[in-house]
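Residues per chain are reported as follows:
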Amino acid sequence: MNGPACCAGEPPAPARGARTAKVAPGAAGSRRAERWLLVGNPNAGKTTLFNLLTGGRREVANWPGSTVERATGRMRAGGREVEVVDLPGIYSLDALSEEERIARQALLDEAGRALVIVVADASRLERSLSLVLEVAEVAPAVVVALNMLDVARAEGQEVDAEALARELGLPVVPLVARRGEGVDRLVQRAAASLDELRRREGFAGRRDGGGSGASSGSPQAPEEEAFARAEARFLRVQAIVAAAVRRRRRRATPSERIDRWALHPLLGYPILAAVLAAVFELAFAASAPLSDEVGRLLDVAGSALARGLAAAGAPVWLGSLVRDGLLAGAGAVLAFVPYLAIFYLLQEALQDSGYMARAAVLVDRLMEAVGLHGKGFFALATAYGCNVPALSATRVLENPRDRIAHELVIPFLPCNARLGVLLVLTAAFFPRGGGALAFGGLMLLSLGVVAGLTALLRRTLLPREEAPLVMELPPYHVPTWRNVVLPALHHVRAFVSRIWRYLLWATLALWALSALPAGAAPAQSYAARLAGAVGILGAPWHLDGRLVLALLSGFVAKETTLGTLAILYGSAGAGGPVAALASSVSPLVGFAFLAMYMLYTPCLATVVTLREETGSARWAAFSVLLSLGVAGLTGALIEQLGALAGWAL
Amino acid sequence: MDALIDGTQASGGALPSPRAGGGEPGRELPSLTDLRDGQSARVAAVVGGSGLRRRLAALGVLPGAVVCRRGSMPAGGPLLLEVRGALMALRRRDAEAVRVEGAGGR
Ligand SMILES: Nc1nc2c(ncn2[C@@H]2O[C@H](COP(=O)(O)OP(=O)(O)O)[C@@H](O)[C@H]2O)c(=O)[nH]1
Ligand SMILES: [Mg+2]
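So, here is what we can say about the structure in this document. (Residues numbered from 1 in each chain as written. Chains lettered and ligands numbered in written order. Predicted model: local features only at pLDDT ≥ 70, side-chain atom pairs only at ≥ 80, totals over all residues. Heavy atoms only, no water.)

## Considerations on the overall build of chain A
Stated formally: In this description a helix means any DSSP run of H or I spanning at least four residues, a strand means any run of E spanning at least two, and both kinds are numbered starting from the N terminus. Here the term buried applies to any residue with accessible area under 20% of the maximum for its type, exposed to any over 50%, and partly exposed to those in between, with areas from a 1.4 Å probe on protein chains only. Residues are treated as being in contact if the distance between any of their heavy atoms lies within 4.5 Å. Surface accessibility follows the Shrake-Rupley procedure with a 1.4 Å probe radius. Residue values consider only the protein chains on display as shielding.
Looking only at helices and strands, chain A has 25 helices and 10 strands in total. Per-residue burial for chain A yields a buried fraction of 53% across its 649 residues. When contacts within chain A are restricted to residue pairs at least 6 apart in sequence, long-range pairs at least 24 apart make up 76% of them. Total accessible area on chain A is roughly 27,600 Å²; 63% of this is exposed by carbon and sulfur atoms.

See the structure below:
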């Protein structure tokens with residue numbers, strides 16, 4: 001028997017001409033805001049449609065008890081106040097992932113009140129329709145937004161919306177969300193459907209939330225029954241597609257042509273390397289001058305303010321408080337902003353274009369080898385820029401356990417700020433060569449820690465989940481301005497509003513330690529006195545109090561480490577603080593210090609973000625303890641082994 | 001040609017296992033990993049744990065579906081599969097669970 005031809009299925013051609021069911025005149029009346037829920041597969045165009053409907057103004061919170069984003073927005077349509085909800089992208093209502101549970105719950109909670117718009121991807125119609133059928137089982141008012149018609153057409157498929165509506169028994173509105181085509185019609189149709197629902201509900205006086213099927217479990221094998229239902233659903237979908245889709249001769253789509261290169265088993269890798277190099281080059285090249293400029297402006301503003309205060313007769317400490325406390329605190333917050341903005345922009349653009357999914361597939365084998373996942377690759381790579389966006393980039397992993405595994409190892413990858421400090425200090429500790437070797441050793445060490453730790457976590461706390469991660473490869477799209485800039489801005493704003501209090505207080509505390517008592521010489525400051533006291537903490541690693549204090553202050557922000565060391569070692573003699581530092585420890589202890597500096601808890605912002613992204617203070621605390629433990633052990637190990645090998649401590 | 005529609009009849013394609021008790025139905029069939037790049041076949045059964053089966057079912061990887069193997073990543077990396085008009089990747093150990101019949105095509 002001849003098998004099915006590769007990837008070709010040609011259902012009979014129905015009559016053409018896409019027109020929707022007649023639009024009912026929008027029944028005016030109801031004052032209270034109504035709710036429209038957008039449901040659909042990932043990449044079906046929900047967010048694009050959401051932005052069209054709401055003008056891009058989204059309020060983002062988390063769904064209760066989860067870290068999944070809940071995006072809502074408002075729109076007015078012919079005197080109606082509508083709240084639009086962008087539900088997370090899902091393939092089915094099977095409550096396997098958090099996203100599916102949330103979408104399912106939202107549909108059940110709102111059934112009978114809300115209108116559900118299922119965004120169907122016309123170029124991936126079977127999968128979309130399966131979800132449509134599932135949603136229609138639980139929601140009484142459903143409108144299908146048949147999106148991506150341009151893509152479907154380019155792939156040689158004509159979808160007959162009218163036939164589709166007939167087969168489904170639901171209104172279907174053709175749409176090209178990217179170009180805004182069909183949106184007015186969708187709004188009219190949605191409003192009409194909701195009015196109709198209200199009339200029906202009004203007459204019947206009922207409001208039962210649940211639909212049939214979905215929640216009825218058979219006593220012995222609910223699971224097998226669910227599979228049987230899914231099979232039946234897809235069979236029905238096949239029949240519907242056969243009636244509503246006409247397939248012209250299949251051509252290679254633009255995406256397929258790109259993938260011949262991008263997913264080539266050999267050439268795909270140099271291409272990926274080139275893309276990543278370009279992305280990181282752009283990120284650093286564009287953000288470094290911005291960061292410097294922000295720092296310079298704050299310096300200027302701080303000095304001017306301090307001078308003004310002095311002229312007005314204010315005490316010296318007040319000027320110092322403003323300049324080195326408040327404005328330095330603002331600087332600590334703002335220092336993140338250029339990196340974050342650019343990383344989020346690039347990340348969203350890569351995601352939106354579809355290339356991110358290819359990168360995940362290319363590197364998956366490598367990531368799998370250490371117990372991680374291809375989808376987490378970009379998050380890990382991003383961590384070398386800044387750990388904060390890296391942590392939020394793990395959201396693409398749909399299994400919570402996988403996400404936490406990635407989130408726990410990210411802090412062990414040194415961010416740009418840490419790398420900068422490491423470079424300066426490596427040069428200081430190894431003045432007579434060997435610096436490059438030491439630095440390379442540090443980088444390998446961090447990768448080794450990541451691999452070793454994941455292996456350990458996978459065997460203990462976070463065993464691999466049975467459900468595979470979905471690696472869908474959506475067609476390529478040129479990213480749209482709105483889809484990229486809006487989420488990036490949102491991320492940056494959310495970060496700043498979350499973090500500024502912590503960083504400001506922490507910077508003020510550091511200022512108080514180093515600047516008080518007022519008028520005292522640096523050697524008499526509280527910081528210097530504290531250094532004497534905390535020296536005991538560093539004893540097991542042969543670190544003196546000043547190095548311990550540098551580690552402690554580095555917790556606020558890694559950029560401050562060099563500043564702290566400069567203050568503490570500043571008075572220690574000729575050649576400047578760096579030389580003083582280098583002469584105060586042996587290369588072996590210096591190397592151990594660098595390793596500990598690289599591995600211990602990255603910074604306050606990372607911890608706060610960890611808390612946010614894992615959704616639990618427990619995981620954040622665990623991460624802090626883990627990194628302290630790993631850093632301490634590694635430092636001790638390096639010194640022990642080094643001493644055994646005959647190096648001086 | 002009309003492979004997708006043909007799938008109707010193939011839905012009951014899982015053969016009873018020859019080894020009573022021990023094996024699941026379909027265990028003896030070849031899996032997606034046995035296909036060559038460019039070959040397609042019809043899913044006969046998905047064996048394995050329920051998490052795996054449920055997630056694959058959500059993507060339409062169910063008995064009767066036609067799957068085309070479009071490529072594979074080197075060194076035992078994931079397989080590229082076209083299922084129900086969409087392209088996706090699946091790790092080999094997961095693809096192992098998808099048992100197929102009627103392999104054909106290029
Ligand atoms: N060609 C085309 N692209 C679209 C259309 N609608 C959305 N897109 C693109 O598809 C991608 C995914 O859209 P998005 O709204 O993020 O999907 P979501 O995952 O459902 O929120 C983006 O690159 C959009 O620009 C459409 O009708 N036609
Ligand atoms: Mg979206």
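Now, onward.
## Quick word on the layout of surface pockets
To find leftover empty space, a probe the size of one water molecule is rolled over the atoms. Residues and elements named next belong to chain A. So the rule is basically this: Using protein atoms alone on a 1 Å grid, points that fit a 1.4 Å probe yet trap it form a cavity, whereas open point sets bounded by protein on both sides within 12 Å along at least five of seven lines form a pocket; residues with an atom within 4 Å of a point count as lining. Grid points are joined across faces, edges and corners, and a volume is the space filled by probe spheres set on the points. Each residue is assigned to one class: nonpolar for Ala, Val, Leu, Ile, Met, Phe, Trp, Tyr, Cys and Pro, charged for Asp, Glu, Lys and Arg, and polar for all the others, Gly among them.
Estimates place the volume of the second largest pocket at around 1,100 Å³. Taken together, 45 residues line the second largest pocket, and the ones lying closest to its centre are Asp 324, Ala 328, Thr 507, Thr 560 and Ile 567. Where the lining of the second largest pocket is concerned, the elements lending two or more residues are α9 (268-311), α10 (316-334), α18 (481-515), α19 (526-538), α20 (545-554) and α21 (560-569). Ranked by residues supplied to the lining of the second largest pocket, first place goes to α10 with 9 residues. Looking at side-chain class alone, the lining of the second largest pocket contains 27 nonpolar, 13 polar and 5 charged residues.

## Considerations on the sheet that holds strand β5 (residues 115-121) of chain A
Residues and elements named next belong to chain A. To keep it simple, the criterion reads: Two strands pair under a simple rule: DSSP has to find at least two bridges between them. Lines fitted to C-alpha atoms define the axes here, with helix axes fitted over just the stretch in contact, and angles between the N-to-C directions of these axes take values from 0 to 180 degrees.
The strand order across the open sheet formed by 7 strands is β2-β3-β4-β1-β5-β6-β8, and the pairing between neighbours is mixed. Pairing within the sheet leaves two strands with one partner each, and these edge strands are β2 (59-62) and β8 (172-174). Taken over all neighbouring pairs, the strand axes of this sheet differ in orientation by 25° on average, direction set aside. Pairing of β2 with strand β3 (residues 69-77), which is carried by 4 bridges, proceeds in the antiparallel orientation. When the sheet's bridge partners are listed, Glu 59 is paired in β3 with Thr 72. Along the sheet face, helix α2 (residues 98-110) touches β1 (34-40) and β5 and points at about 145° away from the line of β1.

Interpretation note: all reported values are geometric properties and have no functional meaning in isolation.
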